[in-house]
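# Structure assessment
Next come the chains, spelled out residue by residue.
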Protein chains: 2
Amino acid sequence: MHSRGASAHVYPIKRFHMKKPSATIRDVAALSGVSVATVSKYINGTKRFTEPVEAKLKAAIEQLGYQSNPLARSMVTKQTRTIGLTILDISNPHFTNVVKGANRVALRHDYTLLLVDVEETQARERPLVEALARRVDGLILSSRLPEEESQWLLDLDKPVVLLRRSDKLPIPSVGIDNRLATFMLTRHLLDLGHRNFAYLGFGQARINDERIAGVRDCLAEAGLELDVHDAHAPTTRAGEHACSRVMLGPRRPQAVICYNDLIALGFIKAATALGINVPRDVAVTGIDNVPYGEISAPSLTSVDTQSETMGEIAMQKLIDALSGKEEIEHVTIEPCLIVRESTHAA
Amino acid sequence: MHSRGASAHVYPIKRFHMKKPSATIRDVAALSGVSVATVSKYINGTKRFTEPVEAKLKAAIEQLGYQSNPLARSMVTKQTRTIGLTILDISNPHFTNVVKGANRVALRHDYTLLLVDVEETQARERPLVEALARRVDGLILSSRLPEEESQWLLDLDKPVVLLRRSDKLPIPSVGIDNRLATFMLTRHLLDLGHRNFAYLGFGQARINDERIAGVRDCLAEAGLELDVHDAHAPTTRAGEHACSRVMLGPRRPQAVICYNDLIALGFIKAATALGINVPRDVAVTGIDNVPYGEISAPSLTSVDTQSETMGEIAMQKLIDALSGKEEIEHVTIEPCLIVRESTHAA
DNA sequence: CTGAAAGCGCTAACAG
DNA sequence: CTGTTAGCGCTTTCAG
């Protein structure tokens, strides 16, 4: 796999990673003529010391290039200042933004992120999370497992925050109101005068059902039916593939509500290729408000899920939990309709 | 920041994280009537034992729900099975793909990724990397620091792989041939008959100069000049902003070569809004071949930098280094021209 | 073929 | 106000 389109120069320089045994707290203590406890306290700022002592310590640390070993520290303090984050697919801009938000508040609180993209490892999800849990102080999980099968999360004995609203488990969660999101989109499309609706979903995601329900609820008020299709993946490619099936089938819709922006963008691309104009011939909507929906042509009507904020909130919740606040809270992020060019009056 | 557009239900259930002190190797030893050494060896598969002993061990481990503590293990083995990865901006699909590739081979070798998005912390880059280095076995770095100021990387005493070709330092690196990439784009545009060229770059990135050089070299052969502009950021937004400056200035170009796809996509969006048709009025190219360039309208001519492969190679290099191979190699990924709709004959 | 013991580098009581 | 000491949970010689 490494040669495909890649050439390489090999420099036969053998560089020995010299085993400079990286000074320990003991070395510092010896050099500065104090005890290890003193050094430890100084380093952690647990205590201040007399002027001359501090000077000596600073000098010794400087001279030895001492850096404390976080592992040893963690070993005794039982905390790693690391948060585990599992994401379904880092290629999806929605999750990218979640990571960005989470990372930001983590850094601010001096935590680092252990990231796992579970896409590659669906089957082994549980063992993977369990392993991850042993190396971090807390976890933020975006999982595909149904809530009913997630009891074991409680046995992790580590604070967990779920990245999607879910109140069946006594675990904090943050997510968008999916029903409301699609409800808003549907209402918007109804207002534009559309009557034939199709939903292009992603059945494997559990929130898919909530999104369908939102559409159905809104259509029901108008006495309308919904055609449901499945894109098999939450990607642009899947959206492209599904397009002909949706548009060239028996009941051609005037409006297509997609599971997310990626599917919608792919759908629009394929529709255009088929000579179907968006939004003139068909209105298309997505969900997530990913950056590319703004610059695509036509730009994409969507619902903002505040992905970055979601990451921030999740991380903040976790850090709160880590500092003792044990309240279990289910945060619902309010969706916000973003009307752009891909939807137009019928 | 947490209340913006978010409502919450608070469940006042107080769940005590019971201090189930999570069984240690000692407990297992006691329960199964052997010594800790034996348990350790069994767990690590270092040694096999007689049938009855193994059975006892398995039972005890099962019963106690024992899971080994990776921290304690790392403490003595001096390896964490964790790789540190710093990325300039996780929002950029190029880096996203690098992460994906890296993550894939990491998982395959039973390593996990410690991810840091340095965008938020440009100034503190060095201390941040140093801190990171103490918690991982090796590092993959995408840095903005000039090579000359990166000597200190050698003092980390940990294997490092740089995410951009750079042979001034005795550190393995992997990156694209930037000169060649823009050279190819320029040649392509020349072949299409364009004569007025502009380059819309991102001056803060060091590879920017290499990319300019590639364009210049190619244009020089044709005796042509190049107008160089700067977008201030490697983002779609920056591309949008820069568009009017480039297109409505004194020398309107027929072809614009952008620093990356994001800038190019933003540029096209803004040009279209200005009533300038791409590719009829101006040809536009990007670099990276991000997924959205394929579905944008017009789709984007670009150069594939094989971001995911890049991540894979970088990780593989690092893992090789970790297992003793000390050769310092500079891998150059060959760019590959992807012609799409945004470039057209003059 | 198994076990006892010596730490890894650090923190946190508890003494002095 | 500083130092001594006892581990954290695990691996690893080295005896038995």
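An account of the accompanying structure is given in this report. Treat the numbers as computed from the prediction; the structure is a model and nothing was measured. (Residues numbered from 1 in each chain as written. Chains lettered and ligands numbered in written order. Predicted model: local features only at pLDDT ≥ 70, side-chain atom pairs only at ≥ 80, totals over all residues. Heavy atoms only, no water.)

Looking now at the overall build of chain A. Along chain A, the regular secondary structure elements total 12 helices and 13 strands. Computed over C-alpha atoms, the radius of gyration of chain A comes to 26 Å, more than 25% over the 20 Å expected from 2.2 N^0.38 for 346 residues, which places it beyond the range of a compact globule. Burial analysis of chain A (346 residues in total) assigns 54% to the buried set. In chain A, of all internal contacts separated by at least 6 residues, the share reaching a separation of at least 24 is 71%. If you sum the accessible surface of chain A, you get close to 15000 Å²; carbon and sulfur atoms cover 53% of it. Looking at chain A, you have 41 positive and 41 negative side-chain charges, and the mean spots of the two groups are 9 Å apart. (Helix = DSSP H or I, 4+ residues; strand = E, 2+ residues; numbered from the N terminus. Rg over C-alpha atoms; globule rule 2.2 N^0.38 Å. Buried < 20%, exposed > 50% of the residue type's maximum accessible area, 1.4 Å probe, protein only. Contact = heavy atoms within 4.5 Å. Areas by Shrake-Rupley, 256 points an atom, 1.4 Å probe, with all protein chains shown as cover. Lys, Arg positive; Asp, Glu negative; His and termini not counted. Charge placed at Lys NZ, Arg CZ, Asp CG, Glu CD.)

So, about the interface of chain A and chain B. If you look at the interface, chain A gives 87 residues, while chain B gives 86 residues. The tally of links from chain A across to chain B stands at six salt bridges. Here chain A is connected to chain B by 18 residue pairs in polar contact (both at pLDDT 80 or more). Per-element tally for the side of chain A that touches chain B: the top contributor is helix H5 (residues 93–108) of chain A, with 10 residues. Two elements, strand S3 (residues 112–117) of chain A and strand S3 (residues 112–117) of chain B, share three bridges in a ladder whose sense is antiparallel. Among the inter-strand pairings, Leu114 of chain A is bridged to a residue of S3 of chain B, identified as Leu114 of chain B. (Salt bridge = Lys/Arg side-chain N within 4 Å of Asp/Glu carboxyl O. Polar contact = N/O pair within 3.5 Å; in protein donor to acceptor, adjacent residues only side chain to side chain. Pairing = 2+ DSSP bridges.)

A word on the packing of helix H1 (residues 25–32) of chain B against helix H2 (residues 36–43) of chain B. Helix-helix packing is described using two parameters, namely the angle between the two axes and the distance between the axes. Residues and elements named next belong to chain B. Packing of H1 against H2 leaves a shortest axis separation of 8 Å and a crossing angle of 110°. Between H1 and H2, the interaxial angle falls into the category roughly perpendicular. Contacts between H1 and H2 involve Ile25, Arg26, Val28 and Ala29 on the former and, on the latter, Val36, Val39, Ser40 and Ile43. Broken down by class, the residue content of the contact of H1 with H2 amounts to six nonpolar, one polar and one charged. (Axes fitted to C-alpha atoms, helices over the stretch in contact; angles between N-to-C directions. Parallel < 35°, antiparallel > 145°, perpendicular 65-115°, else oblique. Nonpolar A, V, L, I, M, F, W, Y, C, P; charged D, E, K, R; others polar.)

All right, on to H5 of chain A then. All names here are of chain A. Compared with the 22 Å implied by 1.5 Å per residue over 16 residues, the 22 Å span of H5 between its first and last C-alpha is a close match. Of all the 16 residues making up H5, 14 are buried; the element is thus mostly covered by neighbouring parts of the structure. A distance of 2.9 Å separates the backbone nitrogen of His94 from a side-chain oxygen at the start of H5, and that oxygen is part of Asn92. Note on H5: the residue one or two positions beyond its end, Asp110, has a positive phi of about 65°. (Expected span 1.5 Å × (residues − 1).)

With that settled, the discussion passes to the sheet that holds strand S10 (residues 283–285) of chain A. All names here are of chain A. Read across the sheet, four strands follow the order S8-S7-S9-S10 without closing on themselves; strand pairing throughout is parallel. Looking at strand neighbours, the two that pair on one side only are strand S8 (226–230) and S10, the edges of this open sheet. Within this sheet the neighbouring strands show an average axis-to-axis angle of 20°, counted without direction. Judged from the three bridges that link them, strand S9 (residues 255–258) and S10 form a sheet pairing that is parallel. Bridge pairing in S10 links Ala255 to Ala283. Against the sheet, helix H7 (residues 178–191) makes contact with strand S7 (197–201), S9 and S10, and its axis sits at roughly 165° relative to S9, the strand it touches most.

With that out of the way, let us pick up the nonpolar core. Judged by nonpolar contacts, the single largest core of 96 residues is most densely connected at Leu200 and Val256 of chain A together with Leu200, Val256 and Phe267 of chain B. Every residue in contact with Leu200 of chain A, bar those within four places of it in the chain, is listed here: His229, Asp230, Ala231, Ala242, Val246, Val256, Ile257, Cys258, Tyr259, Ile263 and Phe267 of chain A. Leu115 and Val136 of chain A together with Leu85 and Ile140 of chain B belong to the second-largest nonpolar core, a separate cluster that totals 88 residues. (Core = buried A, V, L, I, M, F, W, Y, C linked by side-chain atoms within 4.5 Å.)

Glancing now at the protein's contact with DNA strand D. The environment of DNA strand D is made up of 25 residues, and the closest members are Thr38 and Phe49 of chain A together with Ile25, Ser40 and Tyr66 of chain B. Each atom of DNA strand D within 4 Å of the protein was classed as base or backbone; sugar and phosphate made up 65%. The backbone of Ser35 of chain A places a nitrogen or oxygen atom 3.0 Å from a phosphate oxygen of DNA strand D. In this structure, a base oxygen belonging to DNA strand D sits 2.8 Å away from a side-chain N or O atom of Lys41 of chain A. (Near = heavy atom within 4 Å.)

Before going further, it helps to examine the relation of the copies chain A and chain B. Laying chain A over chain B is done by rotating through 180° and shifting 0.1 Å along the axis; what remains is an RMSD of 0.1 Å. With respect to symmetry, the two chain copies, as superposed, fit the operation of a two-fold axis. Distance from the rotation axis, computed per C-alpha, reaches its smallest value in chain A at Leu114 of chain A: 2.3 Å. Comparing interface residues between copies, 99% of those in chain A also sit at the interface in chain B, which points to an isologous, same-surface contact. (Least-squares fit on C-alpha atoms with pLDDT ≥ 70 in both.)

Glancing now at the pattern of salt bridges. Enumeration over the complete set of coordinates arrives at 24 salt bridges over all chains. Here Glu294 of chain B and Arg237 of chain A are joined by a salt bridge, their closest N and O atoms 2.9 Å apart. Of this pair, Glu294 of chain B sits in helix H11 (residues 292–295) while Arg237 of chain A sits in helix H9 (residues 236–247), which puts the two residues in different chains. Each member of the salt-bridge network shares a partner with another, and the members are Asp89 and Asp117 of chain A together with Lys100 of chain B.

On to the pairing of strand S9 (residues 255–258) of chain B. Each regular strand carries side chains that alternate between the two faces of the sheet. The two faces of S9 of chain B match: Ala255 and Ile257 of chain B on one face and Val256 and Cys258 of chain B on the other face are all buried. Of the crossover connections in this fold, the one passing from S9 of chain B over helix H10 (residues 261–273) of chain B to the parallel strand S10 (residues 283–285) of chain B is right-handed. (Right-handed = clockwise from strand over helix to strand, strands pointing away.)

Ile25, Tyr66 and Arg73 of chain A together with Thr38 and Lys41 of chain B are the nearest of the 27 residues found near DNA strand C. Taking Asn44 of chain A, its side chain carries an N or O atom lying 3.0 Å from a phosphate oxygen of DNA strand C. The backbone of Asn69 of chain A places a nitrogen or oxygen atom 3.1 Å from a phosphate oxygen of DNA strand C. Sorting elements by how many residues they give to the surface near DNA strand C places helix H4 (residues 70–77) of chain A first, with five residues.

Further remarks concern a nonpolar patch on the surface. On the surface, a cluster of nonpolar side chains totalling about 360 Å² of accessible area is made up of Met75 and Val76 of chain A together with Met75 and Val76 of chain B. Residue assignment for the nonpolar patch shows that the elements contributing at least two residues are H4 of chain A together with helix H4 (70–77) of chain B. Within the secondary structure layout, Met75 of chain A lies in helix H4. Overall, the relative accessible area of 32% leaves Met75 of chain A in the partly exposed class. (Patch = residues over 30% accessible without salt bridge, like charges linked within 9 Å, V, L, I, M, F, W, Y side chains within 5 Å.)

Moving on, we get to H4 of chain B. Turning to H4 of chain B, its buried residues are Pro70, Leu71 and Ser74 of chain B. Down the axis of H4 of chain B, the smallest arc covering the buried residues is 100°, so these residues share one side. Buried residues along H4 of chain B sit against H4 of chain A. Capping the start of H4 of chain B, Asn69 of chain B holds a side-chain oxygen 2.7 Å from the backbone nitrogen of Leu71 of chain B, two or three residues further along. Lys78 of chain B lies just past H4 of chain B and shows a positive phi near 65°. (Arc of directions from axis to C-beta.)

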